[in-house]
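What follows is each chain in one-letter form.
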Protein chains: 4
Amino acid sequence: MDDRSYDLCKSMVSRTYIAQAVEANVPVHKLVNRLLEQKRIPDDPVPDHVIKSLLNDLADMDTSNFSSNCGAGEREGRVYSQLVAECHYRMSHGIGRSGELTSVQPKAAGSSILAQLTNKMALHALKIAGATHVEDGFVVPMATGMTLCLCFLTLRSLRPSAKYIIWARIDQKSCFKSMITAGFIPVVIENILVGDEVRADVDAIRRKVDELGSENILCIHSTTSCFAPRAFDDLPKIAAMCKEQDIPLIVNNAYGTQSSKCMHLIEEAARIGRMDALVQSLDKNYMVPVGGTLFASYDSGFAEAFSRMYPGRASASPSTDLFITLLSMGVSGYQKLLQERKQVFAYLKEKLEVLATSCNERVLNTPGNNISLGLTLTTLDTDRCTLLGSMLFLRHVSGARVVVPSTVQTVERYTLKGFGTHCEKYPVPYLTVAAGIGMRKEEVDVLVTRLLKVLKEVPTRRESSAPSDRESQCAVRTGSVTQAS
Amino acid sequence: MDDRSYDLCKSMVSRTYIAQAVEANVPVHKLVNRLLEQKRIPDDPVPDHVIKSLLNDLADMDTSNFSSNCGAGEREGRVYSQLVAECHYRMSHGIGRSGELTSVQPKAAGSSILAQLTNKMALHALKIAGATHVEDGFVVPMATGMTLCLCFLTLRSLRPSAKYIIWARIDQKSCFKSMITAGFIPVVIENILVGDEVRADVDAIRRKVDELGSENILCIHSTTSCFAPRAFDDLPKIAAMCKEQDIPLIVNNAYGTQSSKCMHLIEEAARIGRMDALVQSLDKNYMVPVGGTLFASYDSGFAEAFSRMYPGRASASPSTDLFITLLSMGVSGYQKLLQERKQVFAYLKEKLEVLATSCNERVLNTPGNNISLGLTLTTLDTDRCTLLGSMLFLRHVSGARVVVPSTVQTVERYTLKGFGTHCEKYPVPYLTVAAGIGMRKEEVDVLVTRLLKVLKEVPTRRESSAPSDRESQCAVRTGSVTQAS
Amino acid sequence: MDDRSYDLCKSMVSRTYIAQAVEANVPVHKLVNRLLEQKRIPDDPVPDHVIKSLLNDLADMDTSNFSSNCGAGEREGRVYSQLVAECHYRMSHGIGRSGELTSVQPKAAGSSILAQLTNKMALHALKIAGATHVEDGFVVPMATGMTLCLCFLTLRSLRPSAKYIIWARIDQKSCFKSMITAGFIPVVIENILVGDEVRADVDAIRRKVDELGSENILCIHSTTSCFAPRAFDDLPKIAAMCKEQDIPLIVNNAYGTQSSKCMHLIEEAARIGRMDALVQSLDKNYMVPVGGTLFASYDSGFAEAFSRMYPGRASASPSTDLFITLLSMGVSGYQKLLQERKQVFAYLKEKLEVLATSCNERVLNTPGNNISLGLTLTTLDTDRCTLLGSMLFLRHVSGARVVVPSTVQTVERYTLKGFGTHCEKYPVPYLTVAAGIGMRKEEVDVLVTRLLKVLKEVPTRRESSAPSDRESQCAVRTGSVTQAS
Amino acid sequence: MDDRSYDLCKSMVSRTYIAQAVEANVPVHKLVNRLLEQKRIPDDPVPDHVIKSLLNDLADMDTSNFSSNCGAGEREGRVYSQLVAECHYRMSHGIGRSGELTSVQPKAAGSSILAQLTNKMALHALKIAGATHVEDGFVVPMATGMTLCLCFLTLRSLRPSAKYIIWARIDQKSCFKSMITAGFIPVVIENILVGDEVRADVDAIRRKVDELGSENILCIHSTTSCFAPRAFDDLPKIAAMCKEQDIPLIVNNAYGTQSSKCMHLIEEAARIGRMDALVQSLDKNYMVPVGGTLFASYDSGFAEAFSRMYPGRASASPSTDLFITLLSMGVSGYQKLLQERKQVFAYLKEKLEVLATSCNERVLNTPGNNISLGLTLTTLDTDRCTLLGSMLFLRHVSGARVVVPSTVQTVERYTLKGFGTHCEKYPVPYLTVAAGIGMRKEEVDVLVTRLLKVLKEVPTRRESSAPSDRESQCAVRTGSVTQAS
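What you are looking at is a predicted structure, and each value in this text was computed from that prediction instead of being measured.

Q: Could you give an account of the overall build of chain A, with specific residues and numbers?
A: When its secondary structure is counted, chain A shows 16 helices and 16 strands. What you see for chain A is a C-alpha radius of gyration of 25 Å, in line with the 23 Å of a compact globule of 485 residues. Counting the 485 residues in chain A, one finds 67% classified as buried. Summarising the internal contacts of chain A: among those between residues at least 6 apart in sequence, 75% fall at separations of at least 24. A total of about 15900 Å² of accessible surface is found on chain A, and carbon and sulfur atoms cover 48% of it. The distance from the centre of the 55 positive side-chain charges to the centre of the 52 negative ones in chain A is 2 Å.

Q: Outline the environment of C:Gly399, listing residues and values.
A: Residue and element names in this part refer to chain C. Here Gly 399 shows up in the loop between β12 (397–398) and β13 (401–403). By relative accessible area, which is 11% here, Gly 399 ends up buried. As a C-alpha pair, Gly 399 and Asp 136 span 263 residues in sequence and 32 Å in three-dimensional space.

Q: Residue-level account of the interface of chain A and chain B, with values.
A: Counting residues at the interface gives 97 residues for chain A and 97 residues for chain B. Carbon and sulfur atoms supply 57% of the area that chain A and chain B bury against each other, a total of about 8300 Å² over both sides. Of all residues in chain A, A:Glu74, A:Arg78 and A:Tyr80 give up the largest surface area on contact with chain B, accounting jointly for 10% of the area buried on that side. Here chain A and chain B share 8 salt bridges between them.

Q: Explain the relation of the copies chain A and chain B to me, using residue names and the numbers behind them.
A: Of the transformation placing chain A onto chain B, the axial shift is 0.0 Å and the rotation is 180°, giving an RMSD of 0.0 Å. With respect to symmetry, the two chain copies, as superposed, fit the operation of a two-fold axis. Of every C-alpha in chain A, the one belonging to A:Cys87 sits nearest the axis of rotation, 2.3 Å from it.

Q: Break down the interface of chain D and chain C for me, citing the residues and quoting the values.
A: Counting residues at the interface gives 97 residues for chain D, matched by 97 residues for chain C. For the chain D and chain C pair, buried surface summed over both sides reaches about 8300 Å², with 57% attributable to carbon and sulfur atoms. It is D:Glu74, D:Arg78 and D:Tyr80 in chain D that bury the most area against chain C; as a group they hold 10% of the surface buried on that side. Here chain D and chain C share 8 salt bridges between them. Counting across the interface, chain D meets chain C through 33 residue pairs in polar contact (both at pLDDT 80 or more). In terms of residue count, the dominant contributor to the side of chain D that touches chain C is helix α13 (residues 317–358) of chain D (7 residues). Its residues placed into classes, the side of chain D that touches chain C shows 44 nonpolar, 32 polar and 21 charged. The pairing of β12(C) with strand β1 (residues 70–71) of chain D spans 2 bridges and is classified as parallel. Across the sheet, residue C:Val397 finds its bridge partner in β1(D), namely D:Cys70.

Q: Account for the side chain of D:Ser398, naming residues and giving values.
A: For D:Ser398, the position within the fold is in strand β12 (residues 397–398). For D:Ser398, a relative accessible area of 2% corresponds to the buried category. There is a polar contact of 3.5 Å between the side chain of D:Ser398 and the side chain of C:Asn69.

Q: Tell me about the sheet that holds β13(C), and please be specific about residues and values.
A: Residue and element names in this part refer to chain C. In spatial order, the strands read β11-β16-β13; together these 3 strands make up an open sheet with antiparallel pairing. The sheet is open, and its two borders are formed by β11 (372–376) and β13, each paired with just one other strand. Shown here is a sheet whose adjacent strand axes are inclined to one another by a mean of 25°, direction ignored. Taken together, the 3 bridges between β13 and strand β16 (residues 430–434) define a ladder with antiparallel strand orientation. Across the sheet, the residue bridging to Val 402 is Leu 431, located in β16.

Q: So what's going on with the UniProt feature "binding site: substrate" (unreviewed entry) in chain A? Which residues, and what values?
A: Residues and elements named next belong to chain A. Within this structure's numbering, the places UniProt gives as "binding site: substrate" (unreviewed entry) are Arg 97, Ser 98, Gln 105 and Arg 313. The annotated residues occupy 217 residues of the chain but converge on a single region, no pair of C-alpha atoms lying more than 9.3 Å apart. Mapped onto the elements, Ser 98 comes out in the loop between α4 (82–87) and α5 (109–129). On the basis of relative accessibility, which here comes to 1%, the residue Ser 98 falls in the buried class. Relative to the helices and strands, Arg 313 is located in the loop between α12 (300–309) and α13 (317–358). Here Arg 313 falls in the buried class, since its relative accessible area comes to 2%. In terms of polar contacts, Arg 313 uses its side chain to reach the side chain of His 93, at 2.9 Å.

Q: Hey, could you go over the packing of helix α3 (residues 48–59) of chain D against α13(D) for me, with residue numbers and the actual values?
A: Residue and element names in this part refer to chain D. At a minimum axis distance of 10 Å, the contact between α3 and α13 shows a crossing angle of 145°. Crossing handedness for the pair α3 and α13: right-handed. Only Phe 323, Ile 324, Leu 327 and Ser 328 of α13 make contact with α3, whose side of the interface consists of Asp 48, Ile 51, Leu 54, Leu 55 and Leu 58.

Criteria and thresholds
- Residues numbered from 1 in each chain as written.
- Chains lettered and ligands numbered in written order.
- Predicted model: local features only at pLDDT ≥ 70, side-chain atom pairs only at ≥ 80, totals over all residues.
- Heavy atoms only, no water.
- Helix = DSSP H or I, 4+ residues; strand = E, 2+ residues; numbered from the N terminus.
- Rg over C-alpha atoms; globule rule 2.2 N^0.38 Å.
- Buried < 20%, exposed > 50% of the residue type's maximum accessible area, 1.4 Å probe, protein only.
- Contact = heavy atoms within 4.5 Å.
- Areas by Shrake-Rupley, 256 points an atom, 1.4 Å probe, with all protein chains shown as cover.
- Lys, Arg positive; Asp, Glu negative; His and termini not counted.
- Charge placed at Lys NZ, Arg CZ, Asp CG, Glu CD.
- Buried area = accessible area lost by both parts, 1.4 Å probe.
- Salt bridge = Lys/Arg side-chain N within 4 Å of Asp/Glu carboxyl O.
- Least-squares fit on C-alpha atoms with pLDDT ≥ 70 in both.
- Polar contact = N/O pair within 3.5 Å; in protein donor to acceptor, adjacent residues only side chain to side chain.
- Nonpolar A, V, L, I, M, F, W, Y, C, P; charged D, E, K, R; others polar.
- Pairing = 2+ DSSP bridges.
- Axes fitted to C-alpha atoms, helices over the stretch in contact; angles between N-to-C directions.
- UniProt positions renumbered as here; feature names shortened; annotations may be inferred.
- Left-handed = near helix turned anticlockwise from the far one by under 90°.

What follows is the structure, given as structure tokens:
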């Protein structure tokens, strides 16, 4: 309905009512226009029906939705199933163009605007989380690992003779594989143990740089967020070294936006050193389904080079999900989620400490990790540790990891000893749990209750009380329970 | 509702009615179970509400949807917005695992089943289209270019010393960029002109192989489907050479499943030669939104290697779209679409020939292309050709391409002369249009009518009748109208 | 999005694309404004997303959807469940007001406009169907019987001393009950048998009028559409009599809009005589769910009196359903449905005649009924007739009626002999089937096939082949299979 | 998916995962079966996707949704628009049958079960609210007034010679009209003023009964919930009199379920006296859209007679809305809403008293009304009172009523002096506001703020400061601002 429509309505109901309705809608129009103008997350949550209406208007701007459209190419956005069309709000052209991931798609003005708004709002979200001076960013419709891979491929064209990527070990397969997939030789820097905490060995990194020669090094691949007892890397130190040695730095910030500490390190590192890209998982940070990554950079030149490396169009689905979600949250909702996560983490730690005491275990002291926590399992032998993992899984606790230090993992010819612990010899077996964004206090209560129950139930001696068939079967099947997701 | 539910209903309505209702539902249960058992596209279209109900049941199998679930990891499939959850039918865990793109995700049994069923149905669709003996296949949630890139990266680990990719030129940017992004040197083999048709020069390919040495060649990158006047490659010959020389062959079959001729070539090539992978766009072949690719192979070893290269989980959205679409079509619906496209292509050709005669132009004779057609524009000079392109766009004809032979395009340091024509010197300017799957006869009528109108309207001499401001502005803005999408 | 929004979009994509998008949307705006101005069914079908967008804009005009609204009354349109809100497109205030069913609801401008547009489109639909000069009409959110009842109650206040309603018998319970519920004495005029056809006895009606005295008669209650072998009433004759005697005429035109003959009779009757109201079922005529009636009148005074009788607000659901449906159909779609129904009726008759011949039965000759047909069952005894009915029901044939002349039905102290046949002694048992709007030829084929199969299967002698337990049980349970729905 | 489906899934994912998924779904199946068995509101809220799945399963039980169905009648539940079908969850047959509103519809087992479950849950809701011993109840898909009307029509057949309905005046049009529409003579009993409160005059009722003779009286029509300063009727006294005199009692309990006091009165009255029916608005009590009523009775004989009076099928929409809503709420959610309303009422009263003091007005002392409150407007003259009403409306305060005692209203030949105040001469003008179910404290804050603002803004002398054109125009248009909704 347009202005004339409202005028015409006056033939049916009192003009006072129409005037009132038009007036009542002004704030909605203002909200939409502010979004189109400022391209930032609105202060307050936007109701679903407003979001749907905006998506509908954007969809109407795609040529494939023009009633008069005549598609004469091989790709015309025709969608067979109405169900599918609705899932995508009638936008079928994806994002990007053969030229560039962030290019405007001439056939799809609406989709292109959606993509741009989402990218700007995503950048805004990063700033809210603490990366105040980040320059550029956009949604990449691939998982974190694949996006890291594309970062490395982008650097290849800029540093054609470089072969090595220096990587302070974290025991998560995707990021390790991203380097191999890109065709580089990962140089694994073993971590050091400081108290309970496993930390990147910055001195060892420096020595390795000197040894290999900076021109042979594609980049340093550093990490902020990981399972305890791994701590975040000392990013400012590493970034400073990268600046000094003219080596690119790629940061795997998989779910680091949830921790103000991680974000502070990134901001500080960018201030004093060199940082080429930081890569965030959309689903781990913004409560959307798996599928996309937020690529960001303090260097818009690198961002552009990266964007140009993606060959062809791509799925708009992660952008659409993030668009809807950030509008739904509003700045206030997002900030609330960040604060609540902090509180839930503190609550989880407290509860876990009480539980630990009651079981003669203890919570690992890992001040360098504000998201994940470790609980020692010193009272259990390896079999019982494994069994504990499957018991938790069967009791509908998902995401808890039991880690037994002796595991050896081989990834594409590379062997990592003590896999799961981020170091070759971690002294104790343990269990990790995390307080991710969106977790509620009540979930912590359920978690701790079930955990306590299982810890009491797990047979203290194998022979004394055999586990149920299904439990041991599951334990066998899940094999190394340390496997990352 | 389960068996007990129906029993309980008998307290409310006659048991005859319940018996009848239960009986009436038997075919639906059979349909679902046949799908789960045979993992092929059902013969007949499945109604939307049955598809939705099945998706709902699958979603209920993901841990994140268990009412009793307690998520203790950093990735628990929490979804903030109800709108987003609904778009994904409450499945948020994506597909794959850090290990492999086709791995089962322990937290998401339902999503994993959906992904597997989709992959099997997609393979079935390929067989229906003509690739009867294809071995393995799966949906990759990345665009065609990026999937080709990952094919090349997979080959790298198998042929570490190879640097070159031999490529019979087609003027579409994404596939060219896919090689550069993967870090290889594309060796462009110029095509030959046979009559109106532009064909791959198989002899030149062979000479280049001899010149470079097969061990230095990563693969041959061949193409089936492209804009006229480019013909499909002579795949059987190339595959035979690949087998003989032990060189991998990667086939860009972007939208070739629509043409029984292309599919026949693929099947024949696989029979007599070597073919490592064929890559199909989901949106161009199956009427789903942009976002995914169907990777397929006659060699399940390579398929597995490829699957293992993808680092991490990925979006389930392209799989879900294809799942819904193939169920909606049924075998009968899909076959009907293929047949109709063939008829629409013939109809388009016929109509275009009539139009051509009336305008002193002619339809390019390209028997090696059953999807795209070219119409000469010999009566127009370059400016008017360009103008024609923008006039069509402004009259809501999308996807038609005006190609002026003199265009030069630079892609990442490589220069392609005569860009858009697939060869250095094509004799005439022309316009291409395509009959893609899902196009209807009435659309052809509209297209030809508008085309005729514009051809009559375009000023025969620049000075005699100036185009409108908007038209010339658009002509300037779209620049080279040959740009691929 | 408003004009300013599109302007702001130009900062993101080329202004040419925006101009094109805006232009492409002009026909949609025109369509909506034409609807608001002319208040008639659009010529062509309106796509679902346009309908949804219009409903969304209307919903935004209801005060309960103002973001700034503050509800201080006892009825503020608050809706608890999001699912429920969506089913009603966020409009919760219903239609009408304490004053009148067609009044504007001050709190709900959007709902009020929707109701008015629907009423006007419904009137338009009646005119398309043939009631060219009908004056006024609106949707009543009650079933046909209850609406007839309200017609009688409206007449009561105008004719306080009248006690009788003269009614030419049709064997459908609701319309009979509507008179009793309203508190009047139905005077049943038995029909006459002319060949196979059962017709209203206009002379007997006239005699009864004379006998009772017109001032004691509330109205004549006449019928156009009924199951064969009942024919439509001779409305012009009855209407002329009503005019002459100053007696109101209420016409039960339950599903008569499907028959151009019925509509012609109505139009003719109104021209030469008196007709106060005609009442149509929404679901039987317009393919919407059960729930509403279209009340119409050639006398806008009576229409207003009727509207004022409804005490309070009412459900907007039937209006919304009809609004969506008539927009979805467009004039062209509605006319096509009417034509197709005519053809399907002819096809059904033809097929049934072939079947009849093959079974030694015949199709009743009922030229006065263009919707329902009767097939004699002279070769079966009563038990087998009953059994036939249940066998059809169990074979998923719904709506076919087996009528055995001997049934006696008592409705609220009144006894109707030969119930189901519309007369006291119909000579043969028979089966009725109808060709309702929306029925397709393929359904006729299925129907005739199943019917033939069942006729062959029904045991010719009870003892020779017992029916299955379930069949006989069902036969017992459904009791008189003549029961109307 | 059925048991076999889950078995088949084991070919795709680990049987442990399937076992876990099946196990995780057990509570959902239990919930559904408990509902089907106990037919009461579940203790806890049911998630939307479970409700949708249940509705889907019920829809599959309707013959019109059988894939094998062949519809041969004139009413086969065909639905033209997919949008409409979805709004009704594919159930199109409505509820009831020609025989009875609560009858099972043979073509629609699923719809019939839905209707029955809703009726039982509605009865359960009434019991939760305090009518512990209520016997029978069901949803009537008509507004409150029309349902009262049908109550009176039902009584007519039981008391054919009775002409009068005795009614203790409340100034709400629908309930007054319901008596006239039904064809009876309303005998208005003027209320008495006790302090600020307007109360039914039970002695006058008794005198009128004696005067008219109980056999001439159809029933007493009594009220529990009304705008302040009207108090609820003294139901126990009236019911006792009805029992003694053998006069039916119909209670208009429009929104009384929200007040435990009203419900207590009803329960008490039923215990010691006679009460034939109580009628509740669905939208006012259960936060669903306008459209239905909950009819209830302590006498299942009368309930059955009432149900049999409704001629024909009826809309299932109000039942579906209530079904979804009560499941969404669960017992806990519903009780919480009742408690919160009580608190919000107390809060509103408190806030209003503070405001009153600051404006030299006072809150009317009406202990007999726990939902609605009155604020005197003694400092304003009539014009300014009227103006205040429109100012509030234009400032998006809906539902507040300004009442000026001098209004005279004529409803169908009956004249009510002092209309709006429930008595002929109320001493002061006032404003009413209500705390309805679902209102939140924040809404009270907004209300009181706006009210205070408007009270300060309203010009103290007409000439000193003219209202804006729009305001005075609106004041004129809304006419008597006392009009009920």
